[in-house]
Each structure stands twice: as C-alpha cells, then as structure tokens.
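A closer look at the structure
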Amino acid sequence: MKYQPLSSSLYIKNREKFCYKLAESSVAIFNSNDIMPTNADGTMRFRQNNDLFYLTGIDQEETILLVAPDCPNPTMREVLFLRETNEHIAIWEGHKYTKEEAEATSGIKNIQWLSNFDQVFNTVMALSCNVYLNTNEHLRAGVVVETQDARFIKECKEKFPLHNYHRSAPIMHELRGVKEKEEIDQLQIACDITEKGFRRILSFVKPGVTEYEIEAEYLHEFVRNRSNGFAYQPIIASGASACVLHYIENHKECLAGELLLMDVGAEYGNYNADMTRTIPVSGRFTERQRAVYDAVLRVQKEAANILRIGTNIQDYHKEVGLIMQSELVGLGLIDQTDIKNQDPAWPAYKKYFMHGTSHHLGLDVHDVGTMHGPIKPGMVFTVEPGIYIQEEGLGVRLENNIVIKEEKGYFDLMRNIPIEAEEIEDLMNS
Ligand SMILES: [Mn+2]
C-alpha cells in the first residue's frame, strides 16, 4: 500500500458500532470485492469493498469477515478469513497479508485461511438465529455484474433456508454517513493532495495547453503524494464543454478567453476528495465571467452556511435553489415572469443549475448516508453549486468538501485551496 494505514482501534470501534445494531443471536458476513476483468487476461485495479474496509481496514481480495457477537464460543465472535499466501503467490503477485499483519491491521484476533471458512461458518450458523448479509443499496446504484456478496447471498439462502435474513446495508449507511476523526484526517490528506495538484496547474494553464496535459499534471502530483490517482474520472472542460456535466473526454485545446472547469479529486487510502474549480485560461476573468463566477461563489458560501446540524437535506436543497434563483435574476438569465410561470417540479433556476448541491463524501465519492434525515455532526458533504450558460459557451462550478461540526457550523477541508477570483488571477500571473 502506498498510503499510511489507520490504527486498528478505528476498525475495532466500527465493528462495535455495527454489532450494537444487530438483533440477538446474529451472524453477519462481509465479502471483499472481486478483481474485475477487462479483456483477455486483463484486470482492473483492485478496489476493496468499502463496507469490508470500514470494518477491518483489510485492503486485499478474497477476504471474508464474520461477526457473531453472541456466539457461545468466544473465539468465533470475530473471524477474518484471508487467502492463504505461499512462495509462488509471493513471487508472482507480491506480498499478501500474513496472519500477524492482518491482526495488526484489523484488531481481529482469530485470523483463518479461506479454506476453513465453510467449517467455521456452519458451526456459527448452527448457533445463530439471524443472518445479516450485505448488498449495494446506494440510492443510485446500477449494478449489472454479480458481486461476491450477491453470490454469497444465493449460496447461503440455499444452504440455510430457515434462518431469519436481514440487510446490513441500512446499518452500514447510517454508520458510514457519520465519520470518525481518523476518517476525517484521511479525507483531509486526500484534499491536501488535491490542493497540490490545483496549485501545480495554476502556473501551467495558458492558451494552447490541452485538457489532457492538465489531467496528466494532476495525476503526476497525486501519485507522487501516495495517492492511487483520481478519486473519479476527472472532468477537465474548457469553454462550452463545461456545460456537459459529465464531460470526461478531456481532449480539447484550451483557448484564450475561455473558462476552464475542473472537477478533480485525489484518492488517498480509499478515501476521496471531490473538488471543482473554474479558472480563466488566459489568467484574467472577463467582466461577464467574473460576474457569473462571483454569483456561484456567493451561493457556494451561503449554502455551506445553511448546511448545519438538524437541517433536513431536502429542505436545504430547496433553500439553495432560492438563493440561486436570485443570483440568476441578478445576472439577467431569468426574470420574474419565468419564476411566476415555472413548473414547481422543475423551477426556472434549473435551466442554469440542473444538479444537486451536495452529496455525502467518504469511502465512496457519492458516499452512503441518509439523504432524507436530519444532518448530524461528523457528516461530510460536498457543496457544489454551478451556473451553466450554453448560449454563452461557459460554465462555472465551485466545490468544496466540508465537515458538519458540533457547534461552529462546519469545517472546510478545502479551506486552503484558492477559490477567490483575485487569488486565482494572482497565482496564474505570478
Ligand atoms: Mn461532487
């Protein structure tokens, strides 16, 4: 691993929180992700299942976690199963966790090789009434491949049809939505690496550079700072491409006078930063660009201020819509007639600001966590309003990542990343 792993105390605490939510006489199983195929004998980079990672810190394929807090046999209350390593695997694939390393990482005392799984699982099942299994229940998940968790659910239900089955996902969403300090520290590192990338490109961007050269500069800075690379496909969109919300081709030349929208974040230790900045390719905003930029920045700051404890997230999104509406009137993009005649299901401001303002951020970029309940301290959100004017060939989005605090509102994990127009112009011209 390139990153510095977190202390096992976090994972011990996370398992305690999870077990507290289980019914009496329960067993829960979490499987690692598969290594996904590409073509021929190619594979994608391994990405751990985030729930398994959250509960163990183990970053390796073919791993199973079993927890059964009420099991009469105390050695079977927490068992981690790993693929058995040997000399052949060590030479071809490199190092895999030893039992000692897995215990040090996860805090789990009983580490077994995978070949023992069936025997241990059968015993624990015979002593349990309830089974908690895991599925991807992200609100916007579109999973077309069968995951290891999904295969396990089938096998388990076939073999043990008379147990009571339950979903782990709602518990995991509730727990993962509120971050522990160690997780916020890891997110801060991801944001700090992202800052280094942004500062690097501020002196690099000028008319004639291409979007892919800018992408390469970010990647260079991310990887040399122990990131695995981009947290998600980066959007490097000059001119009118900024109005294509998921533009990821990044193949154009940046032209003098255009704005450049960059939605880029670094991954670190499986945690993700999610930043958007918009800068003038020539190093100076035009008057119109600056007016739009400042409008977005005002909305960004006001939105961060009203995202606080107890607020309902749906109400927050509506409130931000009203702030944006008044900015769009100020820019002459919509008027009172548009507002009076608007469809309440698709208000007039949506013509220029058609996406949501905030999402949870953590082990997933669009992290799990409630999108309906009240906001709690320790939740981490993006705040990312934007104005996209197709007819003028320009789009501005500004996005910071904030932690909801107990008392003082919020803590901005991107407080050090330049966002004021003057500062960006100064840095581009220094
Ligand atoms: Mn985002």
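Everything numeric here is computed off the predicted structure, so don't read it as measured data. (Residues numbered from 1 in each chain as written. Predicted model: local features only at pLDDT ≥ 70, side-chain atom pairs only at ≥ 80, totals over all residues. Heavy atoms only, no water.)

It is worth spelling out the UniProt feature "domain: Aminopeptidase P N-terminal" (unreviewed entry) in the protein chain at this point. With numbering aligned to this structure, UniProt lists the feature "domain: Aminopeptidase P N-terminal" (unreviewed entry) at residues 6-142. Along residues 6-142, the helical share is 33% and the strand share 17%, with 30 Å between the first and last C-alpha atoms. (UniProt positions renumbered as here; feature names shortened; annotations may be inferred. Helix = DSSP H or I, 4+ residues; strand = E, 2+ residues; numbered from the N terminus.)

To continue, consider the packing of aromatic side chains. A full pass over the atoms with the stated rule returns 12 aromatic pairs. Note on F81 and F117: the rings are 4.9 Å apart at their centroids and 85° apart in plane angle, and the pair reads as edge-to-face. Here F117 lies in helix α5 (residues 117-126) and F81 lies in strand β3 (residues 78-82), a separation of 36 residues in the sequence. Like F81, the residue F117 is buried in the burial classification. Summarising the aromatic geometry, the rings of Y349 and F353 are spaced 6.3 Å apart at their centres and angled 35° between planes, so their arrangement reads as tilted. Since its relative accessible area comes to 10%, Y349 is described here as buried. Here the aromatic cluster, defined as three or more aromatic residues joined through ring pairs, consists of F81, F117, F121, F152 and F160. Over the aromatic face of Y165 sits the side chain of K157, whose NZ or CZ is 5.3 Å from the ring centroid. (Phe/Tyr/Trp six-rings, centres within 6.5 Å; stacked < 30°, edge-to-face > 60°. Buried < 20%, exposed > 50% of the residue type's maximum accessible area, 1.4 Å probe, protein only. Lys NZ or Arg CZ within 6 Å of the ring centre and 35° of its normal.)

Another aspect to go through is the coordination of the manganese ion. Coordination of the manganese ion by the protein comes from D274 (OD), H359 (NE2), E384 (OE) and E399 (OE), over a distance range of 2.1 to 2.4 Å. Donor residues binding the manganese ion come from one chain and are separated in sequence as D-x84-H-x24-E-x14-E. A residue pair is termed long-range when its members are at least 10 positions apart, and E384 in the loop between β13 (380-383) and β14 (386-389) and E399 in the loop between β15 (394-397) and β16 (400-404) qualify at 15 residues. Accessibility assignment for this pair places E384 and E399 in one class, buried. (Donors = N, O, S within 2.8 Å, 3.2 Å for Na, K, Ca; no water.)

Ordered in space as β8-β9-β12, the 3 strands form an open sheet in which the pairing is antiparallel. Both edges of this open sheet fall to β8 (235-238) and β12 (275-280), since each of them pairs with a single strand only. Geometrically, the sheet is characterised by an average inter-axis angle of 10° between neighbouring strands, direction not taken into account. Pairing between β8 and strand β9 (residues 259-264): 4 bridges, direction antiparallel. (Pairing = 2+ DSSP bridges. Axes fitted to C-alpha atoms, helices over the stretch in contact; angles between N-to-C directions.)

With respect to the secondary-structure elements, C129 resides in the loop between α5 and β5 (130-133). Sequence separation of C129 and S26 is 103 residues, and the distance between their C-alpha atoms is 6.1 Å. With near-sequence residues (within four places) excluded, C129 lies in contact with S25, H163 and N164. (Contact = heavy atoms within 4.5 Å.)

As summarised here, the arrangement of the 3 strands in space is β7-β10-β11, forming an open sheet in which the pairing is antiparallel. Two strands in the sheet have a free side with no partner beyond their single neighbour: β7 (229-230) and β11 (271-272). Alignment of β7 against strand β10 (residues 266-268), held across 2 bridges, turns out to be antiparallel. Each residue of the ladder has a partner; that of G229, found in β10, is E267. Contacting β10 and β11, helix α8 (residues 181-202) crosses the sheet at an angle of about 145° to β10.

Where interface size is given, it is often the accessible area lost as the parts come together that is meant. Taken domain by domain, the protein chain comprises domain 1 (8-177) and domain 2 (181-428). Between the C-alpha centres of domain 1 and domain 2 the distance comes to 35 Å. Contact with domain 1, which involves 16 residues of that partner, is made by 18 residues of domain 2. When the area that domain 1 buries against domain 2 is broken down by residue, the three leading residues are R47, R176 and G177, summing to 31%. The residue E182 makes a salt bridge to K13 at a minimum N-O spacing of 3.5 Å. Put simply, domain 1 and domain 2 have 10 residue pairs in polar contact (both at pLDDT 80 or more) between them. For the side of domain 1 that touches domain 2, the secondary structure elements donating two or more residues are α1 (8-20), α2 (50-56) and α7 (169-177). Among the elements that take part in the side of domain 1 that touches domain 2, α7 stands out by supplying 4 residues, more than any other. Looking at side-chain class alone, the side of domain 1 that touches domain 2 contains 5 nonpolar, 5 polar and 6 charged residues. (Domains from an automatic or database assignment. Buried area = accessible area lost by both parts, 1.4 Å probe. Salt bridge = Lys/Arg side-chain N within 4 Å of Asp/Glu carboxyl O. Polar contact = N/O pair within 3.5 Å; in protein donor to acceptor, adjacent residues only side chain to side chain. Nonpolar A, V, L, I, M, F, W, Y, C, P; charged D, E, K, R; others polar.)

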